[in-house]
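# Structure assessment
Here are the chains, one letter per residue:
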Amino acid sequence: MSDEENRDRKHESNDIQIEKSPGEAYLIFIEMSNLLNKLKLLDYEDEYLIRWKMKALSRHYFAIQTNPGEQFHSFITLAAWLIQQSGHNFDKPQEFDDPNTVVSGILNQLRKFGNDVNFGTNKVKTGSGEQVIYTLNRLADEALKNKGFIWKDPEYTNETDEQDDEPNGDEPDEAELDLNKIEENMLRV
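On a predicted model such as this, the values are computed, not experimentally measured, just so you know. Positions within a chain are numbered from 1, following the residues in the order the chain's sequence is written. In view of the model being predicted, local features appear only for residues whose pLDDT reaches at least 70, and side-chain atom pairs are presented and counted only at 80 or more, with totals across whole chains, interfaces and linings using the full set of residues. To obtain the side-chain values, all non-hydrogen atoms of the structure were used and water was disregarded.

## Things to note about the side chain of Ser-86
Counting through the fold element by element, Ser-86 comes out in the loop between α4 (68-85) and α5 (99-112). Each residue gets one of three labels from its accessible area relative to the maximum for its type: buried under 20%, exposed over 50%, partly exposed in between, using a 1.4 Å probe on protein chains only. Overall, the relative accessible area of 7% leaves Ser-86 in the buried class. Working rule for contacts: check all heavy atoms of both residues, and any pair within 4.5 Å makes them a contact. When neighbours within four sequence positions are excluded, Ser-86 is seen to be in contact with Phe-113, Glu-142, Ala-143 and Asn-146. Helix and strand assignments come from DSSP, with helices taken as H or I runs of at least 4 residues and strands as E runs of at least 2, each series counted from the N terminus.

Written as structure tokens, this is what we have:
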């Protein structure tokens, strides 16, 4: 093969890209919202925020990097609390603990729960991002299982019941009748 043919093949292989949905960029915010909902089910306001003296998480807290040191501390303490809520022993991280050791312990516990961990400790040491939210979501799932929480399918109401409550489309609405009467009265004056 000539150099030109090799260049053409390399160019063709570089042109192949996996198409992603435009909404994929917002998936991290949805996952963060799911995490907050799970934390509320675990009563984290009383059990975690008050007892561990932590500040409340915003709905974008782990999705956007703002203060890596603060976010990392929040991540490891929340992860430790979730592991404890799942019925396993895990000490609350202290200020002088080695970050690599703490993160390794969290990821090892996640593996023990049967979750895939296909990222390194450096991905979660930033304290934010997809891997941090993934880790916390899986730990929250385990804590909910330990508490006996079961997700159920939504219950839908019968459509015929809803139709009885709505006014008939053939009959004019009372508000329309009043407005028509007002207009008639105005024209008479």
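## Some details on the pattern of salt bridges
For this document, the term salt bridge refers to a Lys or Arg side-chain nitrogen within 4 Å of an Asp or Glu carboxyl oxygen. All told, the structure shown has five salt bridges when counted by the stated rule. Between Arg-51 and Glu-47 there is a salt bridge; the shortest N-O distance is 3.0 Å. Overall, Arg-51 belongs to the exposed group, its relative accessible area being 61%. Of the residues examined, Glu-47 reaches a relative accessible area of 25% and is grouped as partly exposed. Salt-bridge contacts for Arg-138 lead to Asp-141; the nearest nitrogen and oxygen are separated by 3.3 Å. Linking Arg-138 with Asp-141, this pair stays in helix α7 (residues 130-146), spanning three residues, or about one helical turn. Residue Arg-138 is classed as buried on the basis of its relative accessible area of 18%. Residue classification places Asp-141 among the partly exposed positions, given a relative accessible area of 21%. It is possible to trace a salt-bridge network through shared partners that takes in Lys-38, Arg-138 and Asp-141.

## Quick look at the environment of Asp-97
Following the sequence through the fold, Asp-97 ends up in the loop between α4 and α5. Once residues within four sequence positions are removed from consideration, Asp-97 is found in contact with Lys-92 and Val-102. We call two N or O atoms a polar contact when they sit within 3.5 Å, provided that within protein one can donate a hydrogen and the other can accept it, with sequence-adjacent residues counted only if both atoms are side-chain atoms. A polar atom in the side chain of Asp-97 sits 2.8 Å from the backbone nitrogen of Gln-94.

## A few points about the packing of α4 against α5
Across the interface, α4 lies against α5 with an axial gap of 11 Å and an inter-helix angle of 40°. As judged from the angle between their axes, α4 and α5 are oblique. For the pair α4 and α5, the sense of crossing is left-handed. Note on element contacts: α5 touches α4 through Pro-99, Val-102, Val-103, Ile-106 and Gln-109, opposite Phe-72, Phe-75, Ile-76, Ala-79 and Ile-83. Each residue is assigned to one of three groups, with Ala, Val, Leu, Ile, Met, Phe, Trp, Tyr, Cys and Pro labelled nonpolar, Asp, Glu, Lys and Arg labelled charged, and all others, Gly among them, labelled polar. Of the residues that constitute the contact of α4 with α5, the class distribution is nine nonpolar, one polar and no charged. Between N-to-C directions, angles span 0 to 180 degrees; the directions come from axes that are lines fitted to C-alpha atoms, helices contributing only their stretch in contact. Angle categories: roughly parallel below 35 degrees, roughly antiparallel above 145, roughly perpendicular from 65 to 115, and oblique for all the rest. Should the near helix be turned counterclockwise from the far one by less than a right angle, the crossing is left-handed, whereas a clockwise turn marks it as right-handed.

## Examining the packing of aromatic side chains
In summary, the pairing rule links any two rings of Phe, Tyr or Trp, Trp by its six-membered ring, whose centres are within 6.5 Å, and it sorts them by plane angle into stacked for under 30 degrees, edge-to-face for over 60 and tilted for everything else. Inspection of every chain in the model, using the stated rule, returns seven aromatic pairs. Ring centres of Tyr-61 and Phe-62 lie 4.9 Å apart, and the angle between their planes is 85°; on these two criteria the pair is classed as edge-to-face. When its relative accessible area of 7% is taken as the criterion, Tyr-61 is described as buried. Ring plane angle 85° and centroid distance 6.1 Å describe the contact between Phe-119 and Tyr-134, whose orientation is recorded as edge-to-face. A residue pair is termed long-range when its members are at least 10 positions apart, and Phe-119 in the loop between α5 and α6 (121-124) and Tyr-134 in helix α7 qualify at 15 residues.

## What to know about the nonpolar core
Buried Ala, Val, Leu, Ile, Met, Phe, Trp, Tyr and Cys residues form a nonpolar core when they are joined through side-chain atoms within 4.5 Å. Phe-62 and Leu-82 are the most contacted members of the largest nonpolar core, which totals 41 residues. Looking at which element gives the most residues to this core, the answer is α4, with nine residues. Look past the residues within four positions of Leu-82 in its chain and what remains in contact with it is Leu-39, Leu-42, Leu-136, Leu-139, Ala-140 and Ala-143.

## Considering unusual backbone geometry
Trans is the prevailing form of peptide bonds, just as negative phi is the prevailing case for residues other than glycine. Phi is positive for Asp-43, which is not a glycine, with a value near 60°. Tracing the backbone shows Asp-43 in the loop between α2 (27-41) and α3 (44-50). A positive phi angle, close to 55°, is found at Lys-53, a residue other than glycine. In this structure, Lys-53 sits in the loop between α3 and α4.

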